[in-house]
Amino acid sequence: MNLSVIIPVYNSESSVAETLRSVLAQTYRDFEIIIVDDGCTDKSIDICKSFNDPRIKIIHQQNRGLAGARNTGIRHAQGEYLAFIDSDDLWLPQKLEKHIQHFARSPNVGVSFSRSSLIDEQGKPLGIYQMPRLTDISPEYLFCRNPISNGSAVVIRRVVLDEIKFLENLYGETEDFYFDDRFRQSEDIECWLRIALQTNWQIEGIPEALTLYRVNMGGLSANILKQYESWERIIVKTQVYNPGFVEECGNQARAYQLRYLARRAVRQRSPEIAVNLLHKALKTYWRILLEEPRRTFISLSAAYLLWMLPKNIYQQLEKLMMQITGMSQKRRIQKEESKSDALSLSKGQHQKNSNPLISGEMLPTAQISSKQSM
């Protein structure tokens, strides 16, 4: 088994079937699916059991949270590569194939991620994308911007996680941990940061938007504040094993996190919280205005306009801006996909006779697949 897909499941009966169908529809076929029942109390696991595919394994446990469910999946995984998808997100069919090709042509890359297309709670495309930097990702950049963006976008070599694992007794016996179960939020970036700081593996993205990431447009403002508290715990943990890194870029990363949470507050229609978070970001590290003036200005404008404008006018303006942004992002993705495909063809022609991942011995599809446009 070359790859393991890990799906943590907790009370997601409305979405898990669609998630599982998107995994089973992958063009790359050499994988197992590990579904971790994280103490479900609804029909989620019954839905999973209705799928008749020998690659599916279901593991049951008492609720440990997202990090704990992923860790259980990792402990049971047999694959050389590990892919994660949350039970409300989706993949496009070429997702795994593209990442396997990325690893094959980039032996120094340990973490491969894709861009993501945003969908609403009903699965309808919002027309906008997560557009992170794809290369030259330093630990400083990772901590400030989190280019991986979400846990369903990433595929990781098993050896990378083995290099950062630690032993801990959190549930009555000593176990290997990869993600930190003590984090119920911000567990992704905490793990990615340890990889960046404690290993020599590169973190790199591919241009295609192969993950459909479900956005909750509602939510409670209290959750934003809890997420910030959880993020601050990363600072405390990192201070222990790399105090120089925290001293150098702690406030910078804090400002970017505050700006990100302000955008979440805007989505949740909490303008006062958004404005306060942005003011705190600028007070913490004002150079964010110089480093990313456009994003910072847009964030400030959105927060203040939400505060000042009537609701219907703001919604119309927001819809227009999302349409303009989405069209621009789509053109950029298509342009970069073309460049990536050309590079893959060039490298693939050179490597195909020596690398089984590209030669087709493990792929049921063509050596280099055509690009998947959104």
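Residues numbered from 1 in each chain as written. Predicted model: local features only at pLDDT ≥ 70, side-chain atom pairs only at ≥ 80, totals over all residues. Heavy atoms only, no water.

Student: Could you give an account of the overall build of the protein, naming the residues involved and the relevant values?
Tutor: The number of helices and strands found in the protein is 14 helices and 11 strands. Burial status across the protein gives 54% buried among its 374 residues. At a minimum sequence separation of 6, the contacts of the protein that also span at least 24 residues come to 76%. When the accessible area of the protein is evaluated, it comes to approximately 17,200 Å², of which 51% is carbon and sulfur surface. (Helix = DSSP H or I, 4+ residues; strand = E, 2+ residues; numbered from the N terminus. Buried < 20%, exposed > 50% of the residue type's maximum accessible area, 1.4 Å probe, protein only. Contact = heavy atoms within 4.5 Å. Areas by Shrake-Rupley, 256 points an atom, 1.4 Å probe, with all protein chains shown as cover.)

Student: Break down the pattern of salt bridges for me, with residues and values.
Tutor: Once the charged atoms of two side chains with opposite charge are near each other, the side chains can pair. Tallied over the full model, the rule gives 21 salt bridges. The partner of E336 in a salt bridge is R115, and the shortest N-O contact between them spans 2.7 Å. Here E336, found in helix α13 (residues 311–351), pairs with R115, found in strand β6 (residues 109–119); they are 221 residues apart in sequence, far enough to count as distant. With a relative accessible area of 24%, E336 lands in the partly exposed category. Linked by salt bridges that have partners in common, E168, D180, R182, E190, R194 and K237 make up one network. (Salt bridge = Lys/Arg side-chain N within 4 Å of Asp/Glu carboxyl O.)

Student: Tell me what's going on with a nonpolar patch on the surface, and back it up with residues and numbers.
Tutor: On the surface, L317, L320, M321, I324 and M327 cluster together to form a nonpolar patch covering roughly 450 Å² of accessible area. With respect to the element layout, M321 can be found in helix α13. Look at M321 and you get partly exposed, because its relative accessible area is 44%. (Patch = residues over 30% accessible without salt bridge, like charges linked within 9 Å, V, L, I, M, F, W, Y side chains within 5 Å.)

Student: So what's going on with the confidence of the model for the protein? Residues and values would help.
Tutor: Of the residues in the protein, 90% have a pLDDT of 70 or more, and the chain-wide mean is 90. When the criterion is pLDDT under 50, residues 351–374 qualifies, and its contacts beyond four places in sequence or with other chains add up to 60 contacts. (pLDDT = per-residue confidence, 0-100.)

Student: Before we move on, can you summarise the nonpolar core with the specific residues and values?
Tutor: Core analysis: the biggest nonpolar cluster contains 61 residues, and F84, L142, F143, L161, W192, I195 and I203 have the highest contact counts within it. Membership of the second largest hydrophobic core comes to 27 residues, among which are V23, I33, I35 and I85. (Core = buried A, V, L, I, M, F, W, Y, C linked by side-chain atoms within 4.5 Å.)

Student: Explain helix α10 (residues 271–284) to me, and be specific about the residues and the numbers.
Tutor: In this model α10 runs 20 Å from its N-terminal to its C-terminal C-alpha over 14 residues, within 8% of the 20 Å that 1.5 Å per residue would give. Buried within α10 are the following residues: P271, A274, V275, L277, L278 and A281. The buried residues of α10 occupy an angular sector of 165° when the element is viewed end-on, so they sit on one face. Exposed positions of α10 whose direction lies more than 90 degrees from the buried face are E272 and K283. (Expected span 1.5 Å × (residues − 1). Arc of directions from axis to C-beta.)

Student: For the pairing of β6, give the residues involved together with the corresponding values.
Tutor: A regular strand places its side chains on the two faces of the sheet in alternate fashion. Burial within β6 is extensive, with 11 of its 11 residues counted as buried. Two strands pair when backbone bridges link them, and β6 and strand β11 (residues 202–214) are joined in this way by 10 bridges, in the parallel orientation. The residue of β11 that forms the bridge with F113 is G205. Sheet topology places β6 next to strand β8 (residues 154–157); 3 bridges connect them, and they run antiparallel. Opposite V111, over in β8, you have I156 as the bridge partner. In textbook terms, the turn of a hairpin is the stretch between consecutive antiparallel strands, and for β6 and strand β7 (residues 125–130) this stretch comprises 5 residues, one of which, G123, has a positive phi near 90°. (Pairing = 2+ DSSP bridges.)

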